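# Breakdown of the fold
Listed here are the chains, written in short residue letters.
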Amino acid sequence: MKIAVVGTGYVGLVTGTCFAETGNHVVCVDIDENKVNKMKNGVVPIYEPHLDVLFERNIKQGRLEFTTSLNDAIKDAKIIFLALPTPPDEDGSADLSYILGVADDLGKIITDYKVIVDKSTVPVGTADKVTAALAANLSTDLFDVVSNPEFLREGYAVDDFLKPDRVVIGTSSEKAKKVMGDLYKPYVRQGNPIIFMDEKSAELTKYAANSFLATKITFMNEIANFCEKVGADVDMVRIGIGSDSRIGKRFLFPGIGYGGSCFPKDVQALAKSGKEFGYDFQILDSVMDVNEKQKTIIVPKIKDFFKGDLKGKTIALWGLAFKPDTDDIREAPALYIINELLEEGATIVAFDPEAMENVKSKYGDKVTFVEDRDSAIVNADALVIATEWQVFRNPDFDLMAEKMNQKVIFDGRNLYDTQEMKELGFYYNSIGRILVRG
Ligand SMILES: NC(=O)c1ccc[n+]([C@@H]2O[C@H](COP(=O)([O-])OP(=O)(O)OC[C@H]3O[C@@H](n4cnc5c(N)ncnc54)[C@H](O)[C@@H]3O)[C@@H](O)[C@H]2O)c1
Ligand SMILES: O=c1ccn([C@@H]2O[C@H](COP(=O)(O)OP(=O)(O)O[C@H]3O[C@H](CO)[C@@H](O)[C@H](O)[C@H]3O)[C@@H](O)[C@H]2O)c(=O)[nH]1
């Protein structure tokens, strides 16, 4: 099948590459010339594990191409995926200008039947808006609009795409249903179904999934905060409740709040959508409030330790990305921690395996960046862990004891065993677990 993908960010590039991998011919189009030139030269412009192998293979075999021309990209395509940004507007609702702008352009250049697919995360009613934008210049016989939300996670994007738990396809057109069903057949393993539904339900499924997961995490963050007050251990509580199959083991890890390009904006957009339709999502308002506080929950702990004064203190910071295995720093809790620590007059020495360039371009020399984990801790008064990269899981504690000014760790990701930290004589302050005083 011939496919065009409009927008080659995390979703568009993974979508395009994975569809090429199953034998389709894919043309990816982006307005960012720099990005397109990189891709034409064989460079993957984002960090996403395993994407490079598929990317190279499919370019080599002539199934994956890149262009800045929308016209060239779509002329032979039967399906056009819109993988465009839907960032929050000033009021928190999803900004649909990218999607509707491209829909308007497509209406003017399409000449034969195409299936136009909303891959972006979009509020209920967007398929209708896209249809209206296309129909302003194009006969409705020449297109169908489908809602096909994407559930991939950054860091696992290729695997999630090729082996999805489910594929959701929202359409009221039998013709489009057949085209989409054929396209997705190779990805859907036994028991991992394609779920066909109407467009609005598909649009809402995406927001409901992200908001549910954000709520699950936030609930555990509150349980963790309460554990600290009463002397319980959130790891035990997590394991205790996670073994109930109605609750499930996943997405129960407390920490310094959820971040990333999706949960924060999608929870906000669903709450906003609710208000537009006269529905008050009280639970989502609470989730957003709690998460806002959770992102910097570690800072008062640091201030307490240093008796309120961080001036002249050097804080080593391990982890900048919003989660491991990505260079994405959108809504990363680490950035909120950096802002507060800088405001308190602390010096920050940071290391992240992939996200340093992105943070450098935001903070310049306000933060010192070092090239490896162990350089960050030299002469540090405390270490803060903000992202659970594998490389932080098994550090050289003897080296820490030798190089740090004092053995003090604030761990936002609960990486170490509290008993072991006690034996090693560290002050170790984590989330929802016993405070080890060293
Ligand atoms: N990142 C994720 O993990 C993820 C997962 C599922 C769904 N989503 C949703 O998918 C959508 C895209 O997210 P993303 O993270 O891939 O965004 P992104 O910002 O990484 O990529 C968007 C791309 O679109 C390009 N673009 C902008 N306007 C364009 C235009 N007129 N024509 C062609 N290209 C244009 C940009 O240059 C950019 O390369 C969003 O709605 C997001 O909520 C994201
Ligand atoms: O137990 C957990 C799991 C996650 N997180 C945090 O939650 C955020 C989001 O994590 P994750 O869901 O792994 O990353 P994303 O790549 O943002 O993926 C989410 O957002 C995507 C965009 O919509 C969806 O497609 C995915 O299904 C959905 O998981 C991160 O800050 C994590 O640190 C926790 O704090 N505790």
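Cut-offs and rules
Per chain, the residues get numbers from 1 upward, laid out in the order the sequence is written. Key to labels: chains lettered from A, ligands numbered from 1, both in the order written. Selection of residues for local features in this predicted model requires a pLDDT of at least 70, selection of side-chain atom pairs for listing and counting requires 80 or more, and totals for whole chains, interfaces and linings are taken over all residues. Hydrogens are left out, water is left out, and the side-chain values use all remaining heavy atoms of the structure. By convention in these notes, a residue is near a molecule or strand provided one of its non-hydrogen atoms lies within 4 Å of it. A 3.5 Å cut-off defines polar contacts: any pair of N or O atoms within that distance qualifies, except that in protein one atom must be a possible hydrogen donor and the other a possible acceptor, and neighbouring residues in sequence count only when both atoms are side-chain atoms. All accessibility values rest on the Shrake-Rupley procedure with a 1.4 Å probe; residue burial counts only the protein chains present in the view. Charged residues are taken to be Asp, Glu, Lys and Arg, nonpolar residues to be Ala, Val, Leu, Ile, Met, Phe, Trp, Tyr, Cys and Pro, and polar residues to be all remaining types, Gly included. As used throughout, domain bounds are those supplied by an automatic or database domain assignment. Each pair of aromatic rings taken from Phe, Tyr and Trp, with Trp reduced to its six-membered ring, is defined by centres within 6.5 Å and is described as stacked if the planes are under 30 degrees apart, edge-to-face if over 60, and tilted in the remaining cases. Going along the chain from the N terminus, every DSSP run of H or I of four or more residues is numbered as a helix, and every run of E of two or more is numbered as a strand. For each residue, the accessible area found with a 1.4 Å probe, counting protein chains only, is set against the maximum for its type, and the residue is called buried under 20%, exposed over 50%, and partly exposed in between. Should any heavy atoms of two residues lie within 4.5 Å, those residues are considered in contact. Paired strands, in this sense, are two strands between which DSSP finds at least two bridges. Joining two parts hides part of their accessible area as seen by a 1.4 Å probe, and the buried area is that hidden amount summed over both. Basic side-chain nitrogens of Lys or Arg form a salt bridge, by our definition, when they fall within 4 Å of a carboxyl oxygen of Asp or Glu. What pLDDT reports is the predictor's confidence in each residue, on a scale of 0 through 100. UniProt positions are given in the numbering used here, feature names are shortened, and annotations may be inferred rather than shown by experiment. Every helix has an expected span of 1.5 Å times one less than the residues it contains.

### A word on the site of ligand 1
Asp30, Lys35, Thr86, Glu154 and Lys265 are the nearest of the 27 residues found near ligand 1. In the model, an oxygen atom of ligand 1 is placed 3.0 Å from a nitrogen or oxygen of the Thr121 main chain. Bound to the protein, ligand 1 loses 88% of the 830 Å² it would expose on its own. Residue classes in the shell around ligand 1 are distributed as 12 nonpolar, seven polar and eight charged. Each of domain 1 (2–197) and domain 2 (207–294) accounts for three or more of the residues forming the shell around ligand 1.

### Describing the packing of aromatic side chains
Scanning the entire structure with this criterion turns up 16 aromatic pairs. Centre to centre, the rings of Phe397 and Tyr416 are 5.2 Å apart; their planes meet at 85°, and the pair counts as edge-to-face. Taken together, the residues span a long stretch of sequence, with Phe397 in helix H17 (residues 397–403) and Tyr416 in the loop between strand E13 (408–411) and helix H18 (418–424) at a distance of 19 residues. The exposure class of Phe397 is buried, given its relative accessible area of 9%.

### Some thoughts on the environment of Phe263
Structurally, the position occupied by Phe263 is in helix H11 (residues 263–276). Relative accessible area serves as the criterion here: at 13%, Phe263 is assigned to the buried category. Taking C-alpha positions, Phe263 is 9.9 Å from Met288, a pair spaced 25 residues apart along the chain. The contacts of Phe263, once residues within four sequence positions are left out, are Asn210, Leu213, Ala214, Ile217, Phe251 and Tyr258.

### Focus on the site of ligand 2
With respect to spatial proximity, 19 residues lie near ligand 2, and among them Phe151, Leu152, Lys206, Asn210 and Cys262 are the closest. Measuring from an oxygen atom of ligand 2, one finds a backbone N or O atom of Phe151 at 2.7 Å. Asn210 is positioned such that a nitrogen or oxygen atom in its side chain is 2.8 Å from an oxygen atom of ligand 2. At the level of secondary structure, the elements contributing two or more residues to the shell around ligand 2 comprise helix H9 (199–230) and H11. With three residues, H9 is the largest single contributor of residues to the shell around ligand 2. Within the shell around ligand 2, the residues separate by chemical class into 10 nonpolar, two polar and seven charged.

### Regarding the sheet that holds strand E9 (residues 314–318)
Ordered by their spatial adjacency, seven strands build an open sheet running E11-E10-E9-E12-E13-E14-E15, and the pairing between neighbours is mixed. Sheet topology places strand E11 (368–369) and strand E15 (436–437) at the edges, where each strand pairs with a single neighbour. Relative to strand E10 (residues 347–351), E9 runs parallel, the two sharing five bridges. The residue bridging Ile315 from the neighbouring strand is Ile348, located in E10.

### Quick look at the domain arrangement of the protein chain
Considered domain by domain, the protein chain is made up of domain 1 (2–197), domain 2 (207–294) and domain 3 (298–437). The C-alpha centroid of domain 2 is placed 29 Å from the C-alpha centroid of domain 1. Taken together, both faces of the contact between domain 1 and domain 2 bury some 950 Å²; the carbon and sulfur share is 55%. Interface area lost by domain 1 to domain 2 is led by Gly92, Thr121 and Arg153, which between them contribute 36%. Here domain 1 is connected to domain 2 by one salt bridge. The closest approach of N and O atoms between Asp91 and Lys272, which form a salt bridge, is 3.7 Å.

### Regarding the pattern of salt bridges
The full count for this structure, using the stated rule, is 26 salt bridges. Between Lys163 and Asp159 there is a salt bridge, with the nearest N and O atoms lying 3.2 Å from each other. Where salt bridges share partners, they join Glu154, Asp328 and Arg330 into one cluster.

### Brief notes about the confidence of the model for the protein chain
Counting all residues, the mean pLDDT for the protein chain is 97, and 100% of those residues have values of 70 or more. Predicted as a complex, the structure gets a pTM of 0.95 and an ipTM equal to 0.98.

### A few points about the UniProt feature "binding site: substrate" (unreviewed entry) in the protein chain
Here, UniProt's "binding site: substrate" (unreviewed entry) annotation points to Phe151, Leu152, Arg153, Glu154, Lys206, Phe251, Leu252, Phe253, Pro254, Gly255, Gly259 and Lys323. On the basis of their most widely separated C-alpha atoms, the annotated residues across 173 residues do not gather in one place, lying as much as 23.7 Å apart. As for its position among the elements, Leu252 is in the loop between helix H10 (234–242) and H11. Every residue in contact with Leu252, bar those within four places of it in the chain, is listed here: Lys216, Met220, Arg238, Ile241, Gly242 and Ile247. Structurally, the position occupied by Lys323 is in the loop between E9 and helix H14 (333–343). Discounting residues that sit within four places of it in the chain, Lys323 has contacts with Arg153, Glu154 and Thr387.

### A short note on helix H1 (residues 10–21)
With 12 residues, H1 extends 16 Å from end C-alpha to end C-alpha; this agrees with the ideal 16 Å at 1.5 Å per step. Counting buried positions along H1 gives 10 out of 12 residues, so the element sits mostly inside the fold. Among the residues of H1, Tyr10, Gly12, Leu13, Val14, Thr15, Gly16, Thr17, Cys18, Phe19 and Ala20 are the ones counted as buried. Gly23 sits one or two positions beyond H1 and adopts a positive phi of about 100°.

### Topic: unusual backbone geometry
Trans is the common state for peptide bonds, and a negative phi is the common state for residues other than glycine. If you check the backbone angles, Asp325 has positive phi at about 65° while not being a glycine. With respect to the helices and strands, the residue Asp325 is situated in the loop between E9 and H14. Judged by its relative accessible area of 25%, Asp325 is partly exposed. The backbone of Glu331 shows a phi angle near 55°, a positive value even though the residue is not glycine. Here Glu331 lies in the loop between E9 and H14.

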